[in-house]
Each structure stands twice: as structure tokens, then as C-alpha cells.
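Fold and contact review
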Amino acid sequence: MSQWHEEYLKRYKRAKQDGKPFFPYTVFKDTVFATLLLLALVGLALWRGAPLEELADPTDTSYNPRPEWYFLFLFQALKLFPGSLEAVAAVLIPGLIVGALFLLPFLDRGPRRHPFDRPLWLGLGVLAAGVWGWLTWAGITSPLTNPTVERNPLVSEGLRLYRILNCSYCHKIGGKGGAVGPELDKTAANKEAAWLERHFRDPQSVSPGSPMPKLNLLDDEIKGLVAYMQSLGGGGPYSDQAPRLFADHCSACHRIGKDGGDTAPDLSTIGSARDKAYLRRYIQSPSKLNPDSSMPSYKDQLSDVEIEDLARYLASQRE
Amino acid sequence: MREWLKSRTGFEAIWKALFERAIPEAKGPVAWLYVLGSASLFVFIVQFTTGCLLAMSYAPTPDHAYDSVRFISDQVLAGRLVRGLHHWGATFMVVLVALHFSRVYFMGAYKFPREATWITGVCLLLLVLGFSFTGYLLPWDQKAYWATAVGTNIAAQAPVIGPSVAAVLKGGEEMGAATLTRFYAFHVLVLPALTALLIACHLFLVIWHGITEPPAREEDGAGDRRL
Amino acid sequence: MNDAHDDGLIRKAIGVLGALIMAVLGSAGLGFLLSPLVQKRDEGWVDVGPADAFKPGTPVQIQFVERTRDSWSVTEKRSSAWVLALDNGQITVFDPRCPHLGCPFRWNILDKRFQCPCHTAAFAADGAVISGPSPRALDRFESKIEDNRLLILPRPTQGHS
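One structure accompanies this document, and this report is about it. (Residues numbered from 1 in each chain as written. Chains lettered and ligands numbered in written order. Predicted model: local features only at pLDDT ≥ 70, side-chain atom pairs only at ≥ 80, totals over all residues. Heavy atoms only, no water.)

1. Considering the sheet that holds strand S9 (residues 140–146) of chain C
Residues and elements named next belong to chain C. The sheet built from 6 strands is open, its strands ordered S1-S10-S9-S4-S3-S2 with antiparallel pairing. In this open sheet, the two edge strands, each paired with only one partner strand, are strand S1 (46–50) and strand S2 (60–70). Each adjacent strand pair in this sheet contributes to an overall mean axis angle of 35°, direction not counted. Here 3 bridges tie S1 to strand S10 (residues 149–157), and the two strands are oriented antiparallel to one another. (Pairing = 2+ DSSP bridges. Helix = DSSP H or I, 4+ residues; strand = E, 2+ residues; numbered from the N terminus. Axes fitted to C-alpha atoms, helices over the stretch in contact; angles between N-to-C directions.)

2. Section: the packing of aromatic side chains
Going through the model one piece at a time under the given rule, you end up with 29 aromatic pairs over all chains. Plain terms: the ring middles of Tyr278(A) and Tyr282(A) are 6.0 Å apart, the flat faces sit at 40° to each other, and that makes the pair tilted. In this pair, Tyr278(A) and Tyr282(A) both sit in helix H12 (residues 276–284), 4 residues apart, roughly one turn of the helix. With a relative accessible area of 12%, Tyr278(A) lands in the buried category. On the basis of an interplanar angle of 55° and a centroid distance of 5.5 Å, the ring pair of Phe133(B) and Phe183(B) is categorised as tilted. (Phe/Tyr/Trp six-rings, centres within 6.5 Å; stacked < 30°, edge-to-face > 60°. Buried < 20%, exposed > 50% of the residue type's maximum accessible area, 1.4 Å probe, protein only.)

3. Overview of the pairing of S9(C)
Regular strands place their side chains on alternate faces of the sheet. Residues and elements named next belong to chain C. Here strand S4 (residues 91–94) runs beside S9; their pairing, made up of 2 bridges, is antiparallel. Paired with Phe 94 across the strands is Arg 140, a residue of S9. As defined by bridge partners, S9 adjoins S10 across 7 bridges and the pair is classed as antiparallel. Its bridge partner lying in S10, Lys 144 is registered against Leu 151. The hairpin formed by S9 and S10 contains 2 residues between the paired strands, and Asp 147 there has a positive phi angle of roughly 50°.

4. With respect to the interface of chain A and chain C
When the parts come together, some accessible area is lost, and that loss is often what is quoted as the size of the interface. Taken residue by residue, the interface counts 24 residues in chain A and 24 residues in chain C. With both chains or domains summed, chain A and chain C bury close to 1900 Å², and 65% of this area falls on carbon and sulfur atoms. When the buried area of chain A at its contact with chain C is split by residue, Leu38(A), Asn216(A) and Leu218(A) rank highest and sum to 27% of it. Measuring nitrogen to oxygen at the nearest pair gives 2.9 Å for the salt bridge that ties Arg69(C) to Asp220(A). The interface formed by chain A and chain C holds 4 residue pairs in polar contact (both at pLDDT 80 or more) in total. For the side of chain A that touches chain C, the secondary-structure elements that each account for two or more residues are helix H2 (22–47) and helix H9 (219–231) of chain A. Each residue belonging to the side of chain A that touches chain C can be placed in one class, and the counts come to 14 nonpolar, 4 polar and 6 charged. (Contact = heavy atoms within 4.5 Å. Buried area = accessible area lost by both parts, 1.4 Å probe. Salt bridge = Lys/Arg side-chain N within 4 Å of Asp/Glu carboxyl O. Polar contact = N/O pair within 3.5 Å; in protein donor to acceptor, adjacent residues only side chain to side chain. Nonpolar A, V, L, I, M, F, W, Y, C, P; charged D, E, K, R; others polar.)

Here it is as C-alpha cells:
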């Protein structure tokens, strides 16, 4: 044992003798802090709850994967390295940092403890915290590539059932599916909720002779399917002018299908992600809904009727 | 009663060793930095309690995981509160452990004679990250699925062994039922067992060596220049 | 002296705050644990079709799919029932299993009675025992008519002998 070790132990013994017992003095502080923590936790749990997004969908290409904020730094760091060096950011650097953490007591061994007496370690610590904070901040503020999807939960439930019940075996939505039953985005979307509900309860009751089986759905399942059917119509019928409006005003930057530019997001399936009302507001003033957007406002360039028409056209662009 | 317990269980000796041990005095606001460790322990207890409750109504299969989580939030009495506590508890845990870690780092509390305490602490820090990584997948919602997809793909980046590591994590080539049960088993069995063991070691070492006194500048004469 | 006073106060505060923590965590846990006692169950009415589709006087066997929620999972079960409509529009629904030992009985058109293939129990159209070993009349399913839809609750209530 080196000399400073012995001296440290002696000094620590003295400090301990002058100290106060753990209970109740330290325990008091611990309890006060624990109580505050619990109150904060209960507050957040009741006020914000725990988020739950839509059911996982491995085929969804419109989702923006984001890790929890405390892993965001790693996520962001990966963007800084080109493909061939990605392993460096993903594995090598984190590995080295963890290794260094384990070895820290053997790397920094002197008797000095106060941070100002260890400028190297103080600097490294501040630097690491700074880089972490910077990467996290950059991750939080980096724009999302895909437009965020905000579906009505009932609509999502309906879409889910549509898949589980294999409705597409007989029905078409967006041109995909079987030909036995009607194309739902053209027919069901315009029906009243009450009619749809009776139809789902027993197809025969409103469409005598229909080959559709009675599915014995639960009440909330029917609600979901009704909401989904009603969401299919987009924003209602659009005029023949709408595609031309898009070609004239939007296609320099956006594309639908094969036609259009690539400097702004592809709008070929925007109707699945956004409803008409949102699209109309977006066309009127993009910066209000997305501060990072460089799209100009069309409030003064297009009439309200034209904007409505365009929004309906966009809302009908679906997967 | 007290006498009986004393003679039958020896609790008084344990009480003395655990609770009446002397703590070097820390003055002023610095003293409050010393609550971070016990606060982490407290949040661990909260996570353990709420986790046990959640496990009662959770089904770790892709068919049912999402619905069972929704069931907890919407149908179970206090389910929203318990799930909320567990979710925010996870965030608090990361923050508290990070702050505790920073306190020990900047105060140089990992130095002689507490090197082993530090090593158990780093292990616990990694376990906390393991908990949040595995727990994240369990609700099987979009966020869960895609964050885990990215996470396992990061592991796949490692040279040579990367793809195998990712396959072992996922329980197969693709994410699916086996991934969920694996993550669940780690989250509720493997990691808690390891964490409990390491917390015991960590606390034993903390008590054995005593809590570090706040560091003093060398000019104050408390430090030692002979090195 | 002052120190001892502080000490007592601190101990009390620890006790109070500790109790508060236990109470909050405990009540959340207790609520979660006791939840099955207060959870509302799906009643489970099954819509089996238009009520006026049944010819009065003759029992008809219907097949239906029971879709029920079991906590978070939805299960489907195929079941059947015998439906008897009366001239006055009243409808009785029978559990399709014989009350004796659970065999599936059938309607004998010639004798106008329900007959069980297992131990020859026989029942009248209204479910009353005519002969055989059955301890009681046919078990019934609760039923109701809403908007001319026949709804049944496929859980047996005991028939009267």
C-alpha cells in the first residue's frame, strides 16, 4: 500500500468519527428526495401517461423510427459516419467508452479528488457531456423524413381488423384486393355510419342477397370498421382541374407517382397519412404546421376553392 | 418484543451496521448530491413493483402484446397509473443513474479504496441501459418495433460477429415472436436477477468502504501532494 | 438538547414520508391486483338474425359464431341453439345440449318432440320432459328482440321440470 493510501484511510477514519449516523440524518434526505420523485412520477403518469402508438407494422414505410431520447445520441452519431465507417460509430466508439469507464480507477490513480485538481478528467467529462448533449439536441431538432402519421385510433383499429379478417380477399381498396365484393373506397366510403353499422352487424339486413358473411363482430370492432370505411373517401370528390393545379403549382418539387420533382417529399401516398383538413391548412400556411418547411404559402396564390380542390385531390392519393 | 427479536434474529447488529454507521459530514447543498444513489435504488423498487403488476396482464406474443398493453391502459383499475409509473420510472432511472455517475466521476469517488465499487456501478449503468432497450420493445407498437429494428441493426454493424450477434438478439433472422419472448425473458428475469445481485454487491461495498467525503482543494491542505 | 429535538422531528418526518410513499405505491398496486373484482364484462349478446324469420310452432336449429372478448384477446367459438317461435311472436331459445348428460338432441318431425340420441330422453316443443332420464326440462338461453333482430345470450339458465 502506498503512503497516500494509508494517509487517506487515516483521514477518512477521522472524517467518519466527526460525521453523523446514516439514520436518521442521511435517510431523511433520501426519504424527502424519494417522496419528491414519487410525486413527480405520479404526476407525469397521470398527466402524460405512457404513450402507445399504433400496432407495430413491419410493412409500414412511412414511419419515422426514433429511439427514446437517451439513446438519441447514438442514433444521431450514426449519421455523422459514412456507410463504410458506420461500425466505428456503432460498435467501436461505444465499446471503447465502456472499456475506458471500467478502467477509469486504474487510469486516474493519484490522491487528488477535487475536479479542479484533475483538469484532464474534468475536461474529458465536460467534453463527453457536451458531445452527448449536442448530439441529443441535434437528434431532437433534426427534421423528420416522412410526414408524421396521425391517424384516428378508431381508423387504425378498423384498418387492423380489415387485415385480420382478410377483407381484401373479396374487396378492393385503392385498386388492391379481390373482385367479389365492391371497391370500398368508391362505395362504402360514402355510406352513412348507421347503414355501415347495420351492414357489419348483418350484411343481409341492408343488402339482401349479399354473399358477404355475417362476422359477429363486437361493438367496438364495428365502430372501428365504420370509421375506417368513412376515412377511405379522402376529402370527397375533386374536380378535373385538381391534377392540373398540382402539375402547375406543386410538381416542381413534389411528385405523385412518376411525375414531379424530388426536392420535397413524395406525395404519392400522402392521403394515407393526412386527412383533407390538414392538407388544406398545410397548403395555406406550411410554416404553421411544420416550422422546418421551406414550402411557400399558397394562401394568396390560389383561391379557397382551388385549395380545397387540391387538398381533396391529395387526400385521395393513397397506398 | 424488541428484546425477543434481538435475541432471535440479531437484527440489532444488522441495524447498527447498516443504519447507524457514521457518514462523513457534507455541508450545504453538496450534501444533496449524495441522495442520487439511494434515489436510483428507490426508483428500482418502483420499477420492480410496477413491473410485477404489469407482468400479470401482459402477453409477450406479437398477436397479443399490443392488445394486452391497451387492456392495461384502458381496462385495468389503476392500469394507466401503473403503466405510467413504469414508463416514467424508466426515464427517471436513466437520468438519476447518469447524475449519480457524474457525481462520482467529478468527485473522483472511484479512487482508492473504492475501485471495485466503481466497477459494479458501471455494470449497473449498463444493466439500466439493457433494461430500457429490452423494455422498449414490449408494447409492440410502431415505436417499439422500429426502435428495436434500428437497435439490433446497430449490433449487426460490428465486424465479423455482428450479424450473428443480431441474429442471437432477435432469435432469428427477422424480428418476430422469438424476438419478443427473448426481450421479455431478459427484461423480467435475467436483467432483474443480475441487477439485484449487483445492487447487493454495490451496497455492500459502499457500506464496507464508507461513503466518500466531499473532495477538498489541495490548497486547503486536505489533499496530498506527495505523488 | 436542540439536537435531540431535531432528531425526533426528523425521525417523525421519515415515518410520515415513508408511509406516504407506501400508501401511494400500495394503493396503485392494490387497485391493479383487485381490478378483476370491478372490471365490467362483455355481456356477450349474439345477434342471430331477423326475429321474424322463424316459422311459429316448429323449432329450428341455428348455427352462430360467438365472438367474445377474453381480457385482451378476442376468441371465436362456433355454437348452435334451438329456436322456437310461438304464434304470439314470443321466442324461446334452448341450449342444444340435453340436460341429462349433454348429448346434442334433435327435433323429431314425425313425433313432434325433441329426442336425445344417447339415453332416449324426450322433450316437448316447449322443453318440458315427456319421458326418459332427464332431471329437468331443456335448458334455455336468454333472448331478446331489438329492432326485429333476435339477440341471444348463449349461457344456459336451468329449465323447470
